[in-house]
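Next come the chains, spelled out residue by residue.
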Amino acid sequence: MHEQRDAAVGQGTSVAEEEAVVFTSELIRIDTTNTGDPATVVGERVAAEYVAEKLGEVGFETTYVESGAKGRGNVVARLAGRDASRGALLVHGHLDAVPADASEWSVHPFSGAVQDGYVWGRGAVDMKDMVAMTLATARRMKRDGIVPERDIIFAFLADEEAGGDYGAGWLVQNRPELFEGATEAISEVGGFSITVKDGVRAYLIETAEKGIAWMRLRVRGRAGHGSMVHEDNAVTKLTQAVARLGTHKFPLVLTDSVRDFLAAMTDLTGMEFDEEDLDGAVAKLGAVARVVGATIRDTANPTMLSAGYKANVIPSVAEAVVDCRVLPGRQAAFERELDEILGPDVEREWITSSRAVETTFDGALVDHMTASITAEDPGAKAIPYMLSGGTDAKSFSTLGMRCFGFAPLRLPADLDFTALFHGVDERVPVDALKFGTRVLDRFLRNC
Ligand SMILES: [Zn+2]
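A quick note: this is a predicted structure, and the numbers were derived from the prediction, not measured.

Undergrad: An account of the overall build of the protein is requested, with residue identities and associated values reported.
TA: Looking only at helices and strands, one finds 13 helices and 19 strands in the protein. Since a compact globule built from 447 residues should have a radius of gyration of about 22 Å, the 23 Å found for the protein is in line with a globular shape. With the C-alpha coordinates aligned to their principal axes, the bounding extent of the protein is approximately 85 × 55 × 50 Å. A buried classification covers 55% of the 447 residues belonging to the protein. Total accessible area on the protein stands at roughly 18300 Å², and carbon and sulfur atoms take up 49% of it. Positive and negative side-chain charges in the protein, numbering 46 and 68 respectively, have mean positions lying 1 Å apart.

Next up, the structure:
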């Protein structure tokens, strides 16, 4: 049965491959800059309408939802599967993108230029590429009457780049019925290849994300005159605590995702990762070390300071903000360690806190990801990894879904892919989009 359906890949897929390239370019041309300030957000509604129209054209019924604020458009559609008793798969992608300064780019960031084998522009890899591949594949399935094994829910979302309060976070809180029955989800920052040795590629599938927790610190002291002896200075106490925290090295913790990743890299390359010098060993991984190096311990980086209003007045309060990134399973231990470092004089509170998520790299869905990659890239190996940042997966995991980063792209060996995220001259290879569309097509019909 699978052979028959594989034979059907042919023509419908090649239309989808072409559409994926065109849609990536057209989506980039819709400026969906999300600065984090709701007053400045543009384009999400237009992008959501674009997606709804493309889905409607082939017969999808779509639900358009503005999540608590005008213009914050989200679109959800469902494709019924063969076996309604199985949990649905959610395929989600965000429509917004981070700002871009055109003066730094070699093409205009909202041009969507297709040149030199790449589609160029803000969102090309984060994540209008995956939105376009998903859209093209969904259209192909509907057009050709392909019934997947299980229900597939497609969700195109606002506001991921500012935490999803007007996107995934809002929908999960206010419209959970849109995702009813979904047990697993796929989305961004996974499924891309790294070349580990001549012609051998590993595809990194995201199975975990660190938690993001922004913390405010506050120290209260006695106000006073700057000319006098003063032993209860809030600024002094706060900055001492901030310096202790900023130079503290949290303990090395190998979670399952990172351990599996390192073991797979050892298999593929023979490289050993000595736990005594893991930082040194990880540095040998090249560009991907940037991500992996941040997933072996918690971090707490001070980012903002504020106190005082005049040079000769000792203020009674001093405050700081710290960006904390916490490994799965480490939250309680992390907080105990924080309290020890900060000491009794420092108050702390969470400004935002989205917890780490982790799932295991096993089961039928993982087998289907692996099989659909190796069908297109024989000899490749799919391996799990942990993302040091965060995505909408954090919101969907609160509904009990297992979340994976699986936006398949076969990349040239010399492309520094992770640097393109939020980077200048963000671009995605045309070939990679076509490859990813073929992988998604195979994956979505069989999973
Ligand atoms: Zn993204």
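Undergrad: Outline the coordination of the zinc ion, supporting the account with residue identities and numerical values.
TA: The protein atoms that coordinate the zinc ion are H94 (NE2), D126 (OD), E188 (OE) and E188 (OE), at distances of 1.8 to 2.8 Å. Coordination at the zinc ion is irregular, judged from the 4 donor atoms that bind it and the angles of 51 to 151° they form at the metal. Between consecutive donor residues of the zinc ion, the sequence gaps follow H-x31-D-x61-E. In this pair, H94 is assigned in strand β3 (residues 88–94) and D126 in the loop between β5 (118–120) and α4 (128–143), connecting sequence segments 32 residues apart. You'll find H94 and D126 in the same group, each marked buried.

Undergrad: Explain the environment of V147 residue by residue, including any values.
TA: Structurally, V147 is set in the loop between α4 and β6 (152–157). Classification of V147 by relative accessible area gives partly exposed; the value is 37%. Along the backbone, V147 and E66 are 81 residues apart, and their C-alpha atoms lie at a distance of 29 Å. Filtering out sequence-adjacent residues up to four positions away, V147 remains in contact with A80, G81 and R82.

Undergrad: So, the pairing of strand β7 (residues 182–187): which residues are in play, and what are the values?
TA: Of all the 6 residues making up β7, 5 are buried; the element is thus mostly covered by neighbouring parts of the structure. When β3 meets β7, the two strands line up parallel, connected through 4 bridges. Across the sheet, V91 pairs through a bridge with I186, a residue of β7. One ladder, built from 4 bridges, connects β7 with strand β18 (residues 402–405); its direction is parallel. Residue S187 lies in a different strand from β18, and its bridge partner there is G405.

Basis of the calculations
- Here the residue index of a chain counts from 1 through its sequence in written order.
- Note on the predicted model: pLDDT of at least 70 is required for a residue's local features to be given, and 80 or more for side-chain atom pairs to be given and counted; whole-chain, interface and lining totals, by contrast, use all residues.
- Excluding hydrogens and water, the side-chain values take into account all heavy atoms of the structure.
- Only runs of H or I of at least four residues qualify as helices and only runs of E of at least two qualify as strands under DSSP, and these elements are numbered from the N terminus.
- Only C-alpha atoms enter the radius of gyration, while the globule expectation follows 2.2 Å times N to the 0.38, with N the number of residues.
- Only protein chains enter the area calculation, which uses a 1.4 Å probe; residues under 20% of their type maximum are buried, those over 50% are exposed, and those in between are partly exposed.
- Shrake-Rupley sampling with a 1.4 Å probe provides the accessible areas, and residues are treated as covered by the protein chains on show and by no other component.
- Charge assignment in this entry is limited to Lys and Arg as positive and Asp and Glu as negative, and neither His nor the chain termini are counted.
- Taken as the charge centre is NZ of Lys, CZ of Arg, CG of Asp or CD of Glu, depending on the residue.
- Any N, O or S atom lying within 2.8 Å of the metal counts as a donor, and for Na, K and Ca the limit rises to 3.2 Å; water is left out, so some sites can look incomplete.
- Metal sites are grouped by the angles between bound donors: all angles between 85 and 135 degrees with four donors is tetrahedral, opposite donors over 155 degrees apart with the others between 65 and 115 is square planar for four donors and octahedral for six, and any other pattern is irregular.
- Contact definition: two residues touch when any of their heavy atoms are within 4.5 Å.
- One bridge is not enough; two strands pair if DSSP finds at least two bridges between them.

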